[in-house]
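Close look at the chain arrangement
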Amino acid sequence: LTYAWLFNEYPTFVHQDSRRFVSQETGNLYIAKVESSDVGNYTCVVTNTVTNSRVLGPPTPLVLRNDGVMGEYEPKIEVQFPETVPSAKGTTVKLECFALGK
């Protein structure tokens, strides 16, 4: 399976950059330092690479709060590394680690 996210409508896909990341392990979309340009509807697209069939999830709206109140929560580091990561010499290994909170 591969994961991608649509922004507002097809064919506008979310492109990964220094603020946006799509986990190919979980399908989660992560956006750092949300800006007004990020406001809109996000739809997850899951593709079966064997059959090349796609399934779209329901749109999820992202809105910015204007009242200045943000949910405060303690910093949390999310790491879900396996005990060992076997890999062939010369291959690329990508480990995902996220810091959340304030």
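Our subject is the structure that appears above.
Remember, it's a predicted structure, so these values are computed and weren't measured experimentally. (Residues numbered from 1 in each chain as written. Predicted model: local features only at pLDDT ≥ 70, side-chain atom pairs only at ≥ 80, totals over all residues. Heavy atoms only, no water.)

Here we come to the packing of aromatic side chains. As enumerated under the stated definition, the model contains 2 aromatic pairs in all. Ring centres 5.0 Å apart and planes at 50° place the aromatic pair Phe7 and Tyr42 in the tilted group. Remark: Tyr42 occurs in strand S4 (residues 40-48) and Phe7 occurs in strand S1 (residues 2-7); sequence separation between them is 35 residues. Among the residues examined, Phe7 registers a relative accessible area of 18% and is labelled buried. Tyr42 sits in the buried class, given a relative accessible area of 6%. With centroids separated by 6.1 Å and ring planes inclined at 80°, the aromatic side chains of Tyr10 and Phe13 adopt a geometry described as edge-to-face. (Phe/Tyr/Trp six-rings, centres within 6.5 Å; stacked < 30°, edge-to-face > 60°. Helix = DSSP H or I, 4+ residues; strand = E, 2+ residues; numbered from the N terminus. Buried < 20%, exposed > 50% of the residue type's maximum accessible area, 1.4 Å probe, protein only.)

Let us now look at unusual backbone geometry. With omega at 10°, the peptide bond leading from Tyr10 into Pro11 counts as cis. One can find Pro11 in the loop between S1 and strand S2 (20-22). The residue Asn8 is not glycine, and still its phi comes out positive at about 70°. For Asn8, a relative accessible area of 43% corresponds to the partly exposed category. The backbone of Asn52 shows a phi angle near 60°, a positive value even though the residue is not glycine.

Further remarks concern the pattern of salt bridges. Oppositely charged side chains can pair when the atoms bearing their charge come close. For the structure shown, the criterion picks out 4 salt bridges. For Asp17, the salt bridge goes to Arg20, with nearest N and O atoms at 2.4 Å. The partly exposed category is assigned to Asp17, whose relative accessible area is 41%. The residue Glu35 makes a salt bridge to Arg19 at a minimum N-O spacing of 3.6 Å. Of the two residues, Glu35 is situated in the loop between strand S3 (29-31) and S4 and Arg19 in the loop between S1 and S2; the sequence distance between them amounts to 16 residues. Judged by its relative accessible area of 15%, Arg19 is buried. A single salt-bridge network, built from bridges that share partners, covers Asp17, Arg19, Arg20, Glu35 and Asp38. (Salt bridge = Lys/Arg side-chain N within 4 Å of Asp/Glu carboxyl O.)

On to the environment of Arg20. The residue Arg20 is located in strand S2 in this model. Exposure remark for Arg20: the relative accessible area of 19% places this residue in the buried category. Along the primary structure Arg20 and Tyr30 are separated by 10 residues, whereas in three dimensions their C-alpha atoms are 5.7 Å apart. When sequence neighbours within four positions are dropped, the list of residues in contact with Arg20 reads Val14, His15, Tyr30, Ile31 and Asp38. At a separation of 2.4 Å, a polar atom in the side chain of Arg20 contacts the side chain of Asp17. Here the side chain of Arg20 touches Asp38 through a polar contact of 3.0 Å, side chain to side chain. (Contact = heavy atoms within 4.5 Å. Polar contact = N/O pair within 3.5 Å; in protein donor to acceptor, adjacent residues only side chain to side chain.)

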